[in-house]
Amino acid sequence: MTPGHGISPRPHTVPGTTGAPGTSESLSAPGGGTLDKARTENFPVAPAFLPRAWREGLMAVYGYARLVDDIGDGDLAPGGRDAVLLGLDPAAADDRPAMLDAFEADLHRVFGTGGPPRHPLMLALQPVVRDHGLTPEPFLGLIEANRQDQRVARYETYRDLVAYCELSANPVGRLVLQLTGTATPERIRRSDAVCTALQIAEHLQDVAEDLGRDRIYLPGEDMRRFHVAEADLKAPSAGASVRSLIAFETERARDLLNEGTPLVGSVDGRLRLLLAGFVGGGRAALRAVTAAGFDVLPGPPKPTKSGLLREVAAVLRTAPRKG
């Protein structure tokens, strides 16, 4: 759901723990390894310039989104600890539908149904939900996206892929707007464009990794248009047809980012910097794909820290201001 392979944000610990990420203390704490993955994202998750309440809220939401993705992808830590925390047998950690059901049940506890939440990341989320008046719908969308990943491994049309992004990515942007008290219909529309673009950028970076999970997020109609077969995606390096396809999808994602960029100019202060980080992170990821000659098969093209900073600065210079 969330783009990877980018600049590391300021380290964070799990709420209620004292260890710094990367140390054995933080990684052994419940939820610590999940939150440490914030370092690998294309954009800063909760940078230090934000107010503390925003940082804590963003990290709680990130922990939720990262954990549900790890359940859906089968990337949980070994040993079944997360299954036990959710009230299941350790062996159930490999049963993704059962884990997602248990995770949803714990989400309902966050919103006051059925007692206190069981998982530490859900416990950390509960006061954020209460203090910011967050609604269940975006959280449920992220669960449904991961359920869809268990049923759907190919997308026939671009419209189908965008509908998936509506569940897998757009809820995160909507939660950011809710957390910061800035949600309006126009901002939500722009945020959806940015988040869908970020999801597509991640898919483009991770073509080889996704194929290893038997998933393809390149629309089937586009693959046929560019004469790309699934076997072509298994090559160690992309041929001309694959590169043309990736270039086409990169331009689509860039257009979506441009559509969403006015979101940055619609807010002020530190939130403007945060949103510029999201948009700039997406632009840097797409620029890395372009710089690789659209050959994403050897591995994810990674934006550099300096490249990200340049893109963020460009967004801040050019994002149109309203009012």
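Residues numbered from 1 in each chain as written. Predicted model: local features only at pLDDT ≥ 70, side-chain atom pairs only at ≥ 80, totals over all residues. Heavy atoms only, no water.

Caption draft 1: Broad picture of the environment of R81. Structurally, R81 can be placed in helix α4 (residues 81-85). When its relative accessible area of 44% is taken as the criterion, R81 is described as partly exposed. Here the alpha-carbon distance between R81 and A93, two residues twelve residues apart in the chain, equals 8.1 Å. (Helix = DSSP H or I, 4+ residues; strand = E, 2+ residues; numbered from the N terminus. Buried < 20%, exposed > 50% of the residue type's maximum accessible area, 1.4 Å probe, protein only.)

Caption draft 2: Up close: the packing of helix α10 (residues 185-205) against helix α15 (residues 269-291). Relative to each other, α10 and α15 sit at 30°, their axes nearing to 10 Å. Taken together, the axes of α10 and α15 are roughly parallel relative to one another. Seen along the crossing, α10 lies across α15 with a hand that is left-handed. Every residue of α15 that contacts α10 at V194, L198, A201, L204 and Q205 is listed here: F278, V279, G282, A285, L286 and V289. Partitioning the contact of α10 with α15 into residue classes produces nine nonpolar, two polar and no charged. (Axes fitted to C-alpha atoms, helices over the stretch in contact; angles between N-to-C directions. Parallel < 35°, antiparallel > 145°, perpendicular 65-115°, else oblique. Left-handed = near helix turned anticlockwise from the far one by under 90°. Contact = heavy atoms within 4.5 Å. Nonpolar A, V, L, I, M, F, W, Y, C, P; charged D, E, K, R; others polar.)

Caption draft 3: A look at helix α3 (residues 52-73). Spanning 22 residues, α3 covers 31 Å between terminal C-alpha atoms, matching the ideal 32 Å at 1.5 Å per step. With its phi angle positive at about 75°, G74 sits one or two positions after the end of α3. (Expected span 1.5 Å × (residues − 1).)

Caption draft 4: Spotlight on the pattern of salt bridges. Per the counting criterion, the structure on display carries 27 salt bridges. The residue R224 makes a salt bridge to E156 at a minimum N-O spacing of 2.3 Å. Linking R224 in helix α12 (residues 220-225) with E156 in the loop between α7 (136-151) and α8 (158-168), this pair joins segments that are 68 residues apart in sequence. The partner of E166 in a salt bridge is R174, with the nearest N and O atoms 3.3 Å apart. For E166, a relative accessible area of 36% corresponds to the partly exposed category. The class for R174 is partly exposed, based on a relative accessible area of 29%. Salt bridges sharing partners connect three or more residues here, namely D101, E104, E144, R147 and R151. (Salt bridge = Lys/Arg side-chain N within 4 Å of Asp/Glu carboxyl O.)

Caption draft 5: Highlighting unusual backbone geometry. Phi angles above zero are rare outside glycine, and D214 is one such case at about 60°. Structurally, D214 is set in the loop between α11 (207-212) and α12. The exposure class assigned to D214 is partly exposed, which follows from its relative accessible area of 46%.

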